[in-house]
Amino acid sequence: MKNKINTISVLGGDKRQLFCAKALCDYGFNVLISGFDLLESYGSLKLVDLDTAVYNADAFLLPITGVKGDTIPCYFSDKEIKLDRKLKSVLNIKPVFMGRASSLKGVESYDLLSRGDYCELNAEATAEGALCVAIKSYERTILGSKILVIGYGRIGRNLSLILKSVNAEVTVATRSSEKAARIRAEGNKSVMTPELKSISGYDIVFNTADSIVIGKSILENSINDTLIIDLASYPGGVDFEAAEKLGFTAITALGLPGQFSPMTAGRITADTVISIIKEEYGV
């Protein structure tokens, strides 16, 4: 029988981690936070030094963005948390919840980004954040604009529906004829991704595909007055070098829930952690 989890230590991260910590407190867990020493106020959260957080925890929550090499990023501290041998030895024997688990070498952890429940809810927040990026970066109204969304996964679908709701003229590019039919049934236009030869005629293009779709040849066939927003993780779906040379405005927009809706993103993280704990450890 797995040990019951009572105390969760949150190590580093951004605003999402803080709101997640608060939500976990509301669920009744004892929550310790470390790597947040620049906070002026932390309410009911217990701000502690690293040793206290490490040796008093039943489980750990690391950043949704993953770790960077041998450090845990801490956006509310002057210093990062080093992933030395001693810390890894503790992480190896207790549950660890995080995003991009593959970035934490030598330690097994629960990757929240691999969970369908997390990804579905996070896609909604990402799509809303993408609209915020467009409003901020585009000098005309979204209403009435001609917009291309590349990809019809979780983010692409949510984004296309949000854009339709604000009366944009939306076309979605997909490689699936079944998805193309669904897109049209939802009231948007569809195009098959391999048939894209140009992005001229679109005011804004959102990419959600994780491989290059808007490459040099498409860009060379297009007028450079289209705003390009890439939502996909590296390497993304846009040839940024070619876009820059050809005079396009191309933006990489990652971690949008953390920027635009950290409270919601934190609650989504907490709910997913709770689900795993219920499934694996009991409450």
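Here we summarise the structure given alongside this text. All residue numbers refer to positions counted from 1 along the written sequence of the respective chain. For a predicted model such as this one, the threshold for reporting local features is a pLDDT of at least 70, and the threshold for listing and counting side-chain atom pairs is 80 or more; totals across whole chains, interfaces and linings nevertheless cover every residue. Derived side-chain values reflect all non-hydrogen atoms in the structure, with water molecules and hydrogen atoms excluded from consideration.

Our focus in this paragraph is helix H5 (residues 154-165). Helix and strand definitions here come from DSSP, where helices need a minimum of 4 consecutive H or I residues and strands a minimum of 2 consecutive E residues; each element is numbered from the N-terminal end. Every helix has an expected span of 1.5 Å times one less than the residues it contains. Under the 1.5 Å per step criterion, the end-to-end length of H5 is 17 Å for twelve residues, consistent within 8% with the ideal 16 Å. Relative accessible area decides the class of each residue, using a 1.4 Å probe on protein chains only: under 20% of the type maximum gives buried, over 50% gives exposed, and in between gives partly exposed. Every buried residue belonging to H5 is among Gly156, Asn158, Leu159, Ser160 and Leu163, and all of these are buried. Whether two residues are in contact is decided by their heavy atoms, any of which lying within 4.5 Å being enough. Structurally, H5 contributes buried residues whose contacts are with helix H4 (116-137), strand S9 (146-150), strand S10 (169-174) and strand S12 (204-207). Phi turns positive one or two residues past the end of H5, at asparagine 167, with a value near 65 degrees.

Paired strands, as defined in this entry, are two strands with at least two bridges between them according to DSSP. In this structure, strand S13 (residues 227-230) lies alongside strand S14 (residues 249-252), joined through four bridges in parallel fashion. Opposite isoleucine 229, over in S14, you have isoleucine 251 as the bridge partner. Of the crossover connections in this fold, the one passing from S13 over helix H8 (residues 240-245) to the parallel S14 is right-handed. Orient the strands so they point away from the viewer, and a crossover whose first-strand-to-second-strand path over the helix runs clockwise is right-handed.

This part covers the sheet that holds strand S4 (residues 59-61). The parallel open sheet is built from six strands, whose spatial order is S3-S2-S1-S4-S7-S8. Strand pairing shows two members of the sheet lacking a second neighbour, strand S3 (46-47) and strand S8 (110-111), which therefore form its edges. With three bridges connecting them, strand S1 (residues 7-11) and S4 associate as parallel partners. Opposite serine 9, over in S4, you have phenylalanine 60 as the bridge partner. Packed onto the sheet, helix H1 (residues 15-26) meets S1, strand S2 (30-34) and S4 and runs at close to 160 degrees relative to S2. A fitted line through C-alpha atoms represents every axis, and for helices the fit uses only the stretch in contact; the resulting angles, taken between N-to-C directions, go from 0 to 180 degrees. Contacts from helix H10 (residues 262-280) reach S1, S4, strand S7 (96-98) and S8, with the element oriented near 145 degrees to S7.

Another aspect to go through is unusual backbone geometry. Of note, the amide linkage connecting tyrosine 234 to proline 235 takes the cis form, showing an omega dihedral of 10 degrees. Here proline 235 shows up in the loop between S13 and H8. The backbone of arginine 100 shows a phi angle near 50 degrees, a positive value even though the residue is not glycine. Look at asparagine 167: it is not a glycine, yet its phi comes out positive at around 65 degrees. By the element assignment, asparagine 167 lies in the loop between H5 and S10.

One way to put it is that H1 packs onto H10 with a least axis distance of 7 Å and a crossing angle of 50 degrees. The angle between H1 and H10 falls in the class oblique. H1 and H10 meet at a crossing whose hand is right-handed. Across the interface between the two elements, Lys15, Arg16, Phe19, Cys20, Ala23, Leu24 and Asp26 from H1 touch Pro262, Met263, Ala265, Gly266, Arg267, Thr269, Ala270, Val273 and Ile274 from H10. Residue polarity is assigned by list, with Asp, Glu, Lys and Arg as charged and Ala, Val, Leu, Ile, Met, Phe, Trp, Tyr, Cys and Pro as nonpolar; anything else, Gly included, falls into the polar class. Residues of the contact of H1 with H10, tallied by class, amount to ten nonpolar, two polar and four charged. Orientation categories follow fixed angle ranges, with anything under 35 degrees roughly parallel, anything over 145 roughly antiparallel, 65 to 115 roughly perpendicular, and all other angles oblique. In this scheme the crossing of two helices becomes right-handed for a clockwise turn of the near helix relative to the far one and left-handed for an anticlockwise turn of less than a right angle.

Once that is clear, we can look at the pattern of salt bridges. Only one rule defines a salt bridge in this text: a Lys or Arg side-chain nitrogen within 4 Å of an Asp or Glu carboxyl oxygen. Going through the model one piece at a time under the given rule, you end up with eleven salt bridges. Ionic pairing is found between aspartate 117 and arginine 115, a salt bridge with its closest N-O pair at 2.9 Å. Using a relative accessible area of 31% as the deciding quantity, one classes aspartate 117 as partly exposed. Across the pair lysine 245 and glutamate 241 runs a salt bridge whose closest N-O atoms are separated by 3.4 Å. Of this pair, lysine 245 and glutamate 241 both sit in helix H8, separated by four residues, roughly a single helical turn. The class for lysine 245 is exposed, based on a relative accessible area of 67%.

A few words now on the packing of aromatic side chains. Between two aromatic rings, the relevant description is the distance of the centres plus the angle of the planes. Aromatic rings from Phe, Tyr and Trp, with only the six-membered ring used for Trp, were paired whenever their centres fell within 6.5 Å, and each pair was classed as stacked if the ring planes differed by under 30 degrees, edge-to-face if by over 60, and tilted otherwise. On inspection of all chains with the given rule, the structure shows three aromatic pairs. Ring geometry for phenylalanine 36 against phenylalanine 76: centres 6.0 Å apart, planes inclined by 25 degrees, an arrangement best described as stacked. Taken together, the residues span a long stretch of sequence, with phenylalanine 36 in the loop between S2 and S3 and phenylalanine 76 in the loop between strand S5 (71-72) and strand S6 (81-82) at a distance of 40 residues. A relative accessible area of 0% means that phenylalanine 36 is categorised as buried. Ring geometry for phenylalanine 97 against tyrosine 110: centres 5.3 Å apart, planes inclined by 20 degrees, an arrangement best described as stacked. Here phenylalanine 97 is found in strand S7, whereas its partner tyrosine 110 is found in strand S8, with 13 residues between them in sequence. Of the residues examined, phenylalanine 97 reaches a relative accessible area of 0% and is grouped as buried. Among the residues examined, tyrosine 110 registers a relative accessible area of 23% and is labelled partly exposed.

Purely geometric numbers; function is a separate question.
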